Amino acid sequence: MDAVYRFALRLTGAQDAAEDLVQDTYFRAYKAWGQYTPGTNCKSWLFTICRNVFLRQRERRQRHDEIVSETAHEDPRAISREAKVFAASKDADPEGEFFSSIIDEEVLKAIDALPDEYRTAVVLSDLEDLSYNEIAEIMDIPVGTVKSRLFRGRRQLQEKLYGYAVDMGYISNVAGGG
Amino acid sequence: MLEKLKRLLGMEKDQSQNGDDAPSAMMPCDEVRSNLYEYIDQELDAETAAGVKRHLDACPECYPLAKFETKFVESIQRVTDQASAGPDLQRRILEALAQEPAPGD
C-alpha cells in the first residue's frame, strides 16, 4: 500500500487527496479482483487503477493542467540537441556532481512541479523502477510515447534542479556570467 | 615458419574482410544522443546498445554527456520517498472493504 500511496501523492500533490485516491483505488481493485491475473505484476495493476481513478476525478473537477503537446512525428535529432543543462554546467561541473548535493525533498518538489504526464512517467520510471513496457501499460500509451514523455520530463526536471543548484551555490552559473 | 606466415596472411585477410572498424559502421552522434536515456535505462536491444557503447568509447563529445546524464538519472533514482500510507489509512481501507460483499468469481 505504501507504493500506491506514494504514487497517489505524486499524482495529486496533497496528502488528503492522496488518501482518498488510495482508498478509491483499493475499493475498485477489490471489486475488480476477478480481472487480476495471478502471477502478473500486482503493483502495476494497482498503479493502473490508481491512475485511471485519478484521471476520472480530474475530469470531473475540470482541473486545467498544462497541455502536453506531443507530435506523432517528433524528430529525435531535434530533441537530442537540447542538452541545455549539460552545456551550461560542463565548465563548472562536467560530471554533474551538483545533482548529488540536492536533498531528496527538493528533488521531490521539482518532480511534483512537472506537468502531469511527464511527472507520471518520471515517477514510475525513476522512483518506482518500472520498465518502459510496464509504464506503457499503466499509462495506456505506446512505448514510444513513454520514451518521449520520460525524455521531456527528465530534461525539465534537470532544468529545475540546475536552477535550484545555482540558487544554492552548488554550482556557479558560468554561462549566465554570474 | 611457412605455417606461421600462412597463418599471418590468413589473419590479415580476415581483418581486411571485417568491416567493423569502417567509419560508416559507427552510429552518428545524434542517434546516440536520442537513444541515450534508453541506453542508461538498459532498455535498448543488445545490438543497438553495443552500437551506442562503441560510439561512447570513441566520441569525445558524447562520452561526457553520457556521464553527466547517467549521474543525473542515478541521483533521481537514489531519492527516497519517505511517504507512507500509515496504519490509520490502512485500517480505514480494510474496514471499508470488510463491509463490501466479496468480489464475484
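Attention in this report is confined to the structure presented alongside it. (Residues numbered from 1 in each chain as written. Chains lettered and ligands numbered in written order. Predicted model: local features only at pLDDT ≥ 70, side-chain atom pairs only at ≥ 80, totals over all residues. Heavy atoms only, no water.)

Let us now look at the side chain of Lys71(B). Relative to the assigned elements, Lys71(B) resides in helix α5 (residues 62-77). Residue classification places Lys71(B) among the buried residues on the basis of a relative accessible area of 18%. Excluding residues that lie within four positions of it along the chain, Lys71(B) makes contacts with Glu95(A), Gly96(A), Glu97(A) and Ser100(A). (Helix = DSSP H or I, 4+ residues; strand = E, 2+ residues; numbered from the N terminus. Buried < 20%, exposed > 50% of the residue type's maximum accessible area, 1.4 Å probe, protein only. Contact = heavy atoms within 4.5 Å.)

All names here are of chain A. One can find Arg58 in helix α3 (residues 42-61). Residue class for Arg58 comes out buried when judged on its relative accessible area of 16%. In this structure the C-alpha to C-alpha distance between Arg58 and Thr12, which are 46 residues apart in sequence, comes to 9.4 Å.

This part takes up unusual backbone geometry. With a phi close to 55°, Asp140(A) is a non-glycine residue in the positive phi region. Assignment of secondary structure puts Asp140(A) in the loop between α9 (132-139) and α10 (143-168). According to the relative accessible area criterion, Asp140(A) is exposed, its value standing at 71%. Despite not being glycine, Gln42(B) shows a phi value in the positive range, around 60°. Mapped onto the elements, Gln42(B) comes out in the loop between α3 (36-40) and α4 (46-58). Exposure remark for Gln42(B): the relative accessible area of 70% places this residue in the exposed category.

With that out of the way, let us pick up the environment of Ser172(A). All names here are of chain A. For Ser172, the location among the structural elements is in the segment after α10. Residue class for Ser172 comes out partly exposed when judged on its relative accessible area of 43%. Placed 83 residues apart in sequence, Ser172 and Ser89 show a C-alpha to C-alpha distance of 8.0 Å. Not counting residues within four places of it along the chain, the set of residues in contact with Ser172 comprises Ala92 and Tyr162.

This part takes up the pattern of salt bridges. Residue and element names in this part refer to chain A. Summed over the entire model, instances satisfying the criterion amount to 20 salt bridges over all chains. Glu106 is the salt-bridge partner of Lys109, the closest N and O atoms lying 3.4 Å from each other. Here Glu106 and Lys109 lie together in helix α7 (residues 104-112), a separation of 3 residues that amounts to about one turn. With a relative accessible area of 18%, Glu106 lands in the buried category. Its salt-bridge partner being Arg154, residue Asp126 comes within 2.7 Å of it at the nearest N-O pair. Residue Asp126 is located in helix α8 (residues 116-127), and its partner Arg154 is located in helix α10; the two are separated by 28 residues in the primary sequence. (Salt bridge = Lys/Arg side-chain N within 4 Å of Asp/Glu carboxyl O.)

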